[in-house]
Amino acid sequence: MIQLVALKALAGFNYVRVDQVVAISAIEPTKCTVIMTGGITVPCSEPAKDVIAKLEAASQGKQE
């Protein structure tokens, strides 16, 4: 089954596959960008540390 993580967007949510994330770019204290395979960028309206925690938890099989 595909593992998706919900990340807050400017209006709603983005659902990201954990195994496709390459990097997280911290732009502002309350915003970041998720960089995925293929160069796709996903803007998020939550801090990078929160996004990283969600992705790490999902990759270890934990649900938030």
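As a reminder, the structure under discussion sits directly above these lines.
The numbering scheme is per chain: residues are counted from 1 as the chain's sequence reads. The predicted nature of this model means local features are confined to residues of pLDDT at least 70 and side-chain atom pairs, given and counted, to a pLDDT of 80 or more, with totals for whole chains, interfaces and linings taken over all residues. The side-chain numbers reported here are obtained from all heavy atoms of the structure, hydrogens and water having been left aside.

K.L.:
Hey, could you run me through the overall build of the chain in this one?
P.N.:
Secondary structure elements follow DSSP: runs of H or I no shorter than four residues count as helices, runs of E no shorter than two count as strands, and numbering proceeds from the N terminus. The secondary structure content of the chain amounts to one helix and five strands. The helix and strand sequence of the chain, counted from the amino end, reads β-β-β-β-β-α. On the principal axes, the C-alpha backbone points of the chain span a range of 30 × 25 × 20 Å. When a residue's accessible area, from a 1.4 Å probe over protein chains only, is under 20% of the maximum for its type it is buried; when over 50% it is exposed; and in between it is partly exposed. When burial is assessed residue by residue, the chain has 30% of its 64 residues classed as buried. Charged residues are defined narrowly, with Lys and Arg counted positive, Asp and Glu counted negative, and His plus the chain ends left uncounted. In plain terms, the charge of a residue is placed at NZ if it is Lys, CZ if Arg, CG if Asp and CD if Glu. Of the charged side chains in the chain, 6 are positive and 6 negative, and the gap between their average positions amounts to 2 Å.

K.L.:
How should I be thinking about a nonpolar patch on the surface in this particular structure?
P.N.:
Patch criteria: residues need more than 30% relative accessible area and no salt bridge. Like-charged residues are merged within 9 Å; nonpolar side chains of Val, Leu, Ile, Met, Phe, Trp and Tyr are merged within 5 Å. Throughout, the Shrake-Rupley method with a 1.4 Å probe supplies accessible areas, and for residues the shown protein chains are the sole cover considered. The term salt bridge refers to a pairing of a side-chain nitrogen on Lys or Arg with a carboxyl oxygen on Asp or Glu at a separation within 4 Å. Among the surface-exposed residues, Ile2, Leu4, Phe13 and Tyr15 lie close enough to one another that they form a single nonpolar patch of about 470 Å² accessible area. One can find phenylalanine 13 in strand S2 (residues 12-17).

K.L.:
What exactly am I supposed to notice about helix H1 (residues 48-59) here?
P.N.:
Every α-helix winds through 3.6 residues per turn, so residues three or four apart in the chain are directed the same way. The length a helix should cover is 1.5 Å for every residue beyond the first. Between the first and last C-alpha of H1 there are 16 Å, a value that for twelve residues agrees with the 16 Å anticipated at 1.5 Å per step. Of all the residues in H1, the buried ones are Ala48, Val51, Lys54, Leu55, Ala57 and Ala58. Against the buried residues of H1 lie strand S1 (4-9), strand S3 (21-28) and strand S4 (31-36). After H1 finishes, the residue glycine 61 shows a positive phi value of roughly 85°. In what follows, a contact means two residues having at least one pair of non-hydrogen atoms within 4.5 Å.

K.L.:
What exactly am I supposed to notice about the environment of glutamine 3 here?
P.N.:
Among the structural elements, glutamine 3 can be located in the segment before S1. For the pair formed by glutamine 3 and proline 47, sequence separation is 44 residues and the distance between their alpha carbons is 21 Å. Within the structure, the side chain of glutamine 3 is placed 3.4 Å from the backbone oxygen of alanine 58, a separation counted as a polar contact. For this analysis, a polar contact is any N or O atom pair within 3.5 Å, provided that within protein one partner can donate a hydrogen and the other can accept it, and provided that sequence-adjacent residues contribute only side-chain to side-chain pairs.

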